[in-house]
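Spelled out from the first residue to the last, the chains are:
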Amino acid sequence: MTQDSQPMLEIRQVSKNFGGLTAVKEVNLSINKGEIFALLGGSGCGKTTLLRMLAGFEIPSAGAIFIDGEDISQIPPHKRPVNMMFQSYALFPHMSVAQNVAFGLKQEKNKLSKPEIAKKVLELLTLVRMQDFAQRKPDQLSGGQRQRVALARSLAKKPKVLLLDEPMGALDKKLRSQMQLEVVDIIESVGVTCVMVTHDQEEAMTMANRISVMHDGEIMQVGTPSEIYEFPNSRHTAEFIGSVNIFDATVTQLEADYTRLSCADLHVPIQVEAGVNAPLGSSLGIAVRPEKITMSQVKPELTDNWLTGMVEDIAYLGGHSVYYVKLASGKRVMTIGTNNDRHEQKVTWEDTVYLYWSITSAVVLYR
Amino acid sequence: MGKKVSSLGKTYLTLGFIFLYLPILILIIFSFNESKLVTVWGGFSTKWYGELLNDKQMLGAAWMSFKIAFLAASSAVVLGTMASIVMVRMGKFKGKAAFASMITAPLVMPEVITGLSLLLLFVAMAQTIGWPAGRGMLTILIAHVTFCTAFVAVVVSSRLREMDVSLEEAARDLGAPPWKVFFLVTLPIIAPALVSGWLLAFTLSLDDLVIASFVSGPGSTTLPMVVYSSVRLGLSPKINALATIIVLLATTGVLTAWWLARRVETQSVNLPTGDS
């Protein structure tokens, strides 16, 4: 990474209480210049409260927020070098598209002249490919068009940090995936630092360079999309991002380059690469993603990491199918099979199958 | 749209409209009555309009009523909007529920009680601080502002509650200080409610007889008071003529407002799609 040494946005020990409830608990984050950062979490996890504190609509109960090295925690929203794109877009219904985009420019202290503002508005509308709609009113636009206008409006004042609140929340599914890439392109071409809030993990993984998973007002994990997916550090993160099988296991053999664990669901031990940071006899969670599990109708010649069960359910999804395999212990294990043959469905309901995975596939979860 | 209304539907509609407008129609017809007796048709004539123009007392009262209604409605819109903003936007504060119910209380208060209490207040104030010195147009105006504010507050606060708060937040976010947010964003969006609040207050003030009777003084007679007292002495067809003029003014006002609103609407729809 070739970033400036000083982060563009720094959140230090920020907490927010509403009455007796703690919405955000001692959050620390630092976000680099030009980065697209996603706050990901379910509803009520505090992500929106955190975003509203960045915008200035809420004042932190404790801690401080720095933008470009300056403490902005107590600065009112209209004086912050931060602009927000609202979930509902919040376009002013009584103004045209051009007037909406010009609104922020007209509020500046050293106001530009009228022709300069008009020129800038046209530039911004061209950037989001809405230059032909400048005179329309917001209620004459489609959802995707409104979003582009809202994006142009929030970029107009060249904010140091751009905030996106559930940016695709108001769009239908098909438009969503198209707009995700388009919005990222625009943000990257402008080079603005961006913090977005979303509950949709796919959206976060598509759009963001880094993701922070939030739960109950706390940050569970921060990392790139693949770090969060492949190396979850807690059961919550593993379960929130994608699908996962988690086995409760006990450490039985501890070596420098591998660890063996016993699990009630398997007849053989589970083996994971490298030693774990826990003593013998301690119980841990072992997470295996469904696509890392291979399914076979022949018993594998392995000493570790395999189990057997009966196919209970198959969800056919076109490109691939999800198989739910019921073990003797009653646990259900999920695995994915690619449908690369049009005619043959090798495995069907009630079949006895063997599932196995490699030593590098499983992730150890300490909490 | 474009669906044909059944004949039964048409009958219902006609009956409804007859119920609403027949009395007014009869009033207008009888304003052109030749006869001095209000209920007996004596041929067509416009003489009562002429007589009305010469009746200085009635014209004076009408002018007084319009002045009071205009001022009361305007002040009520300002006060009512201020109250609504505190109620809807300022968050929680101690005694909010009590204030919210108290602001609507004048709506359900019998007018007799409102009138009497205001009269007692004005008398007491005149005795202790010497203001208002006597009862007249000022006291009627104050009384009308009192109850009109309640009506405006109800209309405006419901509109404010419906309005998306993120619009105001967006304006702040884009750099507008709170007072500018109010004038550039909130006010234009709630403007329809202010207009209907003003019209409601204007009508209520113009219409009021009971409260005005309590707080008026010599030389400040409103139109309803004149009409009411002349009815007791025997109805003159002049009043029909006056009522017809008021109906005409009101209809013109409503039609103009509708026409303007429609023109704005069609204008925004027919905007060039951008090749300009």
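All of these numbers come straight from a predicted model, not from anything done at the bench.

A.B. asks: Would you explain the packing of helix α2 (residues 97-106) of chain A against helix α4 (residues 143-155) of chain A in this entry?
C.D. replies: Packed helices, taken two at a time, are described by their axes: the angle between them and the distance between them. Residues and elements named next belong to chain A. Close contact between α2 and α4 brings their axes to 7 Å; oriented N to C, the two are set at 25°. If you check the angle between α2 and α4, you find them roughly parallel. In terms of crossing hand, the pair formed by α2 and α4 is right-handed. Counted together, Val97, Asn100 and Val101 of α2 and Val149, Ala152 and Arg153 of α4 form the full contact between these two elements. When its residues are assigned to classes, the contact of α2 with α4 shows four nonpolar, one polar and one charged.

A.B. asks: What am I meant to see in a nonpolar patch on the surface here?
C.D. replies: Side chains of Ile18(B), Leu22(B), Leu25(B), Ile26(B), Ile29(B), Trp41(B) and Phe44(B) sit close together on the surface and give an oily, nonpolar patch of about 690 Å² of accessible area. Residue position: Ile29(B) is located in helix α1 (residues 7-31).

A.B. asks: Where do I start with α2(A) in this structure?
C.D. replies: An α-helical turn contains 3.6 residues, so a residue and the one three or four places further along point in the same direction. The buried fraction of α2(A) amounts to eight of the ten residues, a majority that puts the element mostly inside the structure. Residues Val97(A), Ala98(A), Asn100(A), Val101(A), Ala102(A), Phe103(A), Gly104(A) and Leu105(A) constitute the buried set of α2(A). The secondary structure elements touched by the buried residues of α2(A) are α3 (114-127) and α4 of chain A together with α7 (165-173) and α8 (178-207) of chain B.

A.B. asks: What's the story with the interface of chain B and chain A in this structure? I'm lost.
C.D. replies: Interfaces are often described in size by the accessible area the parts lose on coming together. Across the boundary between the two partners, chain B contributes 23 residues, which contact 27 residues of chain A. Taken together, chain B and chain A are joined by one salt bridge. Among the ionic pairs, Arg52(A) bridges to Glu169(B), the shortest N-O distance being 2.7 Å. The biggest single contributor to the side of chain B that touches chain A is α7(B), with seven residues. A per-class count over the side of chain B that touches chain A returns 13 nonpolar, five polar and five charged.

A.B. asks: What am I meant to see in the side chain of Arg80(A) here?
C.D. replies: Residues and elements named next belong to chain A. Tracing the chain through its elements places Arg80 in the loop between β5 (70-71) and β6 (82-85). Buried charge Arg80 goes without a salt bridge, the closest partner of opposite sign being Asp71 at 7.4 Å. Among the polar contacts listed, one links the side chain of Arg80 to the backbone oxygen of Leu54, at a separation of 2.9 Å. Every residue in contact with Arg80, bar those within four places of it in the chain, is listed here: Met53, Leu54, Ala55, Gly56, Ile72, Ser73, Gln74 and Ile75.

Parameters at a glance
- Residues numbered from 1 in each chain as written.
- Chains lettered and ligands numbered in written order.
- Predicted model: local features only at pLDDT ≥ 70, side-chain atom pairs only at ≥ 80, totals over all residues.
- Heavy atoms only, no water.
- Axes fitted to C-alpha atoms, helices over the stretch in contact; angles between N-to-C directions.
- Helix = DSSP H or I, 4+ residues; strand = E, 2+ residues; numbered from the N terminus.
- Parallel < 35°, antiparallel > 145°, perpendicular 65-115°, else oblique.
- Left-handed = near helix turned anticlockwise from the far one by under 90°.
- Contact = heavy atoms within 4.5 Å.
- Nonpolar A, V, L, I, M, F, W, Y, C, P; charged D, E, K, R; others polar.
- Patch = residues over 30% accessible without salt bridge, like charges linked within 9 Å, V, L, I, M, F, W, Y side chains within 5 Å.
- Areas by Shrake-Rupley, 256 points an atom, 1.4 Å probe, with all protein chains shown as cover.
- Salt bridge = Lys/Arg side-chain N within 4 Å of Asp/Glu carboxyl O.
- Buried < 20%, exposed > 50% of the residue type's maximum accessible area, 1.4 Å probe, protein only.
- Lys, Arg positive; Asp, Glu negative; His and termini not counted.
- Polar contact = N/O pair within 3.5 Å; in protein donor to acceptor, adjacent residues only side chain to side chain.

It is worth stressing that arrangement in space is one thing and function is another; only the former is reported here.
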